[in-house]
Amino acid sequence: MFLLFIVFIILRFILLTQRANLGWDQIDSAWAAKSILVDKHIFMLGPVAKGNSGIYIGPLYFYLISIFYFFTNLNPIASPIFQGILSIVNLLVLFFIVKKMFNLNVAFIACFINTFTLFIMNSDRGQSDFYLIVPTSLVIFYFLYKVITNHAKYIIYLAIAVGLSFHVDFTSVYYPLIILLALPFFPRTKATLKYILISIPVFLLFLVPSIVADITLKHSTPTNLVYLFNNYYHGLHLARIIQLTKDAVISGTELWPFAMLSPTILTPLTFLIYVLFMFVYYKKNKNRNSLLLFYLIGLWIIIPWLIMSTYSGEITDYYYSVSRDLFIFALSYIIYILYIQKVIAAKLVIIVIGLIYAFYNIQLFWHEGNGNFLSVENNVKQAVAHNQLIPYGSHDPNYYVQYVYLRDKKLGIKY
């Protein structure tokens, strides 16, 4: 695991500046960090949830990334560094939760898949708030699973995790409905009632910034949500549900080799992995907890699927990323069961396939194109050297880097 962790860090930080990209999300965060650190602004709202919808998530993401901008003197190199650290957090969350739910070997296989999958390697390089959907979703899944398997004290942890999710992305609207559908399986004890009563104000605490913004800034996220719902809700139709079948498990489909070439073949294969996992796991664990685990997995796939089926607007693949780690641990468990069989040839085949998979994805990753970080930096230096100022652009990376470059020269900071 230690050796795998070292390889993981190398793959996430090698060619850091060459692969770094400064786009809309990155510059949005950079200006927010500047506002917090230089202008001493207090943010009550975080990144916009979707385009010009007027729906904003909580501000914690902006404050978190500001820490990195503080140590880089606002240099946008903070963006890929921050994302690299988040990728490590994501790996650790996956490792410890899968280890808790299954065992160390399954956790190792899950981390191996996470380390060497091309789609994840690329995701770990692009800084954005919705990246946190995956680890947050897995944490909520684990806490909810603990609650419905008679561990009532996890209700408070669940409230904290769901509260934090409203500072990550608007896909957090899935979780209240999922929890509602899991409510019949909560332990029916006085302790459960006590923890629920405690967790309600704990959860609401995370919504305070948004509530304050709605009141003081006359910015109504609830009103904008209603407006978005009225304009893009077209009802639940079977034809639309069938149409979005491939999207329902796209977070798993994207992890297969050649995913972009044969999605029609990989979609049923991804569904099959979940079915095989349930069959194999229940064969070894014939108890109520196994059925509850399968029920939660079903909710994590079906709820986003149904909710997005009622939405007539543009749909992005990350809306379904809540179930990505579930696919990883399902696949990892199947591989683990195959590996522990007493057939030596089966072990060798799994090892060889694993090594080929890792080598293949590293080869693809190595030939990926570079980002625009260095070219933006070079453009700005040349413009300043020729006394040419880049005109203002709210999310133009050139303008932001120019601001930082000129500020550093004025302050005597080496760029």
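In the block above lies the structure referred to throughout.
What you see is a predicted model, and the numbers here were worked out from it, not measured in a lab.

1. Focus: the overall build of the protein
Right, on to step 1. Looking only at helices and strands, the protein features 22 helices and zero strands.
Right, on to step 2. Taking 2.2 N^0.38 as the reference for a compact globule, 415 residues should give roughly 22 Å; the C-alpha atoms of the protein span a radius of gyration of 23 Å, in line with that estimate.
Right, on to step 3. The principal-axis extents of the C-alpha atoms in the protein amount to approximately 70 × 55 × 40 Å.
Right, on to step 4. A burial count over the protein gives 52% of its 415 residues as buried.
Right, on to step 5. Looking at the protein alone, contacts between residues at least 24 apart form 74% of all its contacts between residues at least 6 apart.
Right, on to step 6. Total accessible area on the protein stands at roughly 20,400 Å², and carbon and sulfur atoms take up 69% of it.
Right, on to step 7. When the 28 basic and 16 acidic side-chain charges of the protein are each reduced to a single mean position, those positions are 15 Å apart.

2. Re the environment of Tyr282
Right, on to step 1. Tracing the chain through its elements places Tyr282 in helix 17 (residues 263-284).
Right, on to step 2. By relative accessible area, which is 31% here, Tyr282 ends up partly exposed.
Right, on to step 3. In the structure, Tyr282 is positioned 46 residues away from Ile328 in sequence and 18 Å away in space, judged by C-alpha atoms.
Right, on to step 4. For Tyr282, the contacting residues outside a window of four places in its chain are Asn287, Ser290, Leu291 and Phe294.

3. Topic: helix 18 (residues 288-309)
Right, on to step 1. Between its terminal C-alpha atoms helix 18 stretches 31 Å, which fits the 32 Å expected from 22 residues at 1.5 Å a residue.
Right, on to step 2. The N-cap residue of helix 18 is Asn287: its side-chain oxygen and the backbone nitrogen of Asn289 are 3.2 Å apart.

4. Focus: empty space enclosed by the protein
A water-sized probe, rolled over the atoms, reveals where empty space remains.
Right, on to step 1. Counted according to the given criterion, the structure contains two cavities of 30 Å³ or more.
Right, on to step 2. A total of three residues in the lining of the largest cavity trace back to one element, the largest contributor, which is helix 3 (residues 24-37).
Right, on to step 3. Taken together, the residues of the lining of the largest cavity break down into two nonpolar, three polar and three charged.
Right, on to step 4. Here the second largest cavity is characterised by a volume of approximately 30 Å³.
Right, on to step 5. As for the second largest cavity, its lining consists of Leu132, Ile133, Thr136, Ser165, Val168, Asp169, Thr171, Ser172 and Tyr175.
Right, on to step 6. The residue inventory of the lining of the second largest cavity, partitioned by class, reads four nonpolar, four polar and one charged.

5. With respect to unusual backbone geometry
Among all residues except glycine, the phi angle is most often negative; among peptide bonds, the trans geometry is most common.
Right, on to step 1. One non-glycine residue, Leu74, adopts positive backbone phi at about 75 degrees.
Right, on to step 2. Among the structural elements, Leu74 can be located in the loop between helix 4 (60-71) and helix 5 (78-101).

6. So, the side chain of Thr267
Right, on to step 1. For Thr267, the position within the fold is in helix 17.
Right, on to step 2. If sequence neighbours within four positions are ignored, Thr267 has contacts with Thr245, Lys246, Val249 and Thr253.

7. A short note on the packing of aromatic side chains
Right, on to step 1. Tallied over the full model, the rule gives 39 aromatic pairs.
Right, on to step 2. Centre to centre, the rings of Tyr333 and Tyr336 are 6.2 Å apart; their planes meet at 50 degrees, and the pair counts as tilted. Note that Tyr333 and Tyr336 are positioned in helix 19 (residues 324-339) at a spacing of three residues, about one turn of the helix.
Right, on to step 3. Owing to a relative accessible area of 5%, Tyr333 belongs among the buried residues under this scheme.
Right, on to step 4. Note on Tyr336: relative accessible area 16%, which makes it buried.
Right, on to step 5. By way of ring pairs, the aromatic residues Phe102, Phe141, Tyr175, Phe277, Tyr281, Tyr282, Phe294, Trp300, Phe329, Tyr333 and Tyr336 are connected into one cluster.
Right, on to step 6. A cation over a ring is seen here: Lys194 above Tyr195, with NZ or CZ 4.8 Å from the ring centre.
Right, on to step 7. Here Lys347 stacks its cationic end above the ring of Tyr339, 4.6 Å away from the centre of that ring.

The rules behind the values
- Residues numbered from 1 in each chain as written.
- Predicted model: local features only at pLDDT ≥ 70, side-chain atom pairs only at ≥ 80, totals over all residues.
- Heavy atoms only, no water.
- Helix = DSSP H or I, 4+ residues; strand = E, 2+ residues; numbered from the N terminus.
- Rg over C-alpha atoms; globule rule 2.2 N^0.38 Å.
- Buried < 20%, exposed > 50% of the residue type's maximum accessible area, 1.4 Å probe, protein only.
- Contact = heavy atoms within 4.5 Å.
- Areas by Shrake-Rupley, 256 points an atom, 1.4 Å probe, with all protein chains shown as cover.
- Lys, Arg positive; Asp, Glu negative; His and termini not counted.
- Charge placed at Lys NZ, Arg CZ, Asp CG, Glu CD.
- Expected span 1.5 Å × (residues − 1).
- Polar contact = N/O pair within 3.5 Å; in protein donor to acceptor, adjacent residues only side chain to side chain.
- 1 Å grid on protein atoms, 1.4 Å probe; cavity = no way out; pocket = protein on both sides within 12 Å on 5 of 7 lines; lining within 4 Å.
- Points joined across faces, edges and corners; volume = space filled by probe spheres on them.
- Nonpolar A, V, L, I, M, F, W, Y, C, P; charged D, E, K, R; others polar.
- Phe/Tyr/Trp six-rings, centres within 6.5 Å; stacked < 30°, edge-to-face > 60°.
- Lys NZ or Arg CZ within 6 Å of the ring centre and 35° of its normal.

On their own, these measurements won't tell you what the molecule is for.
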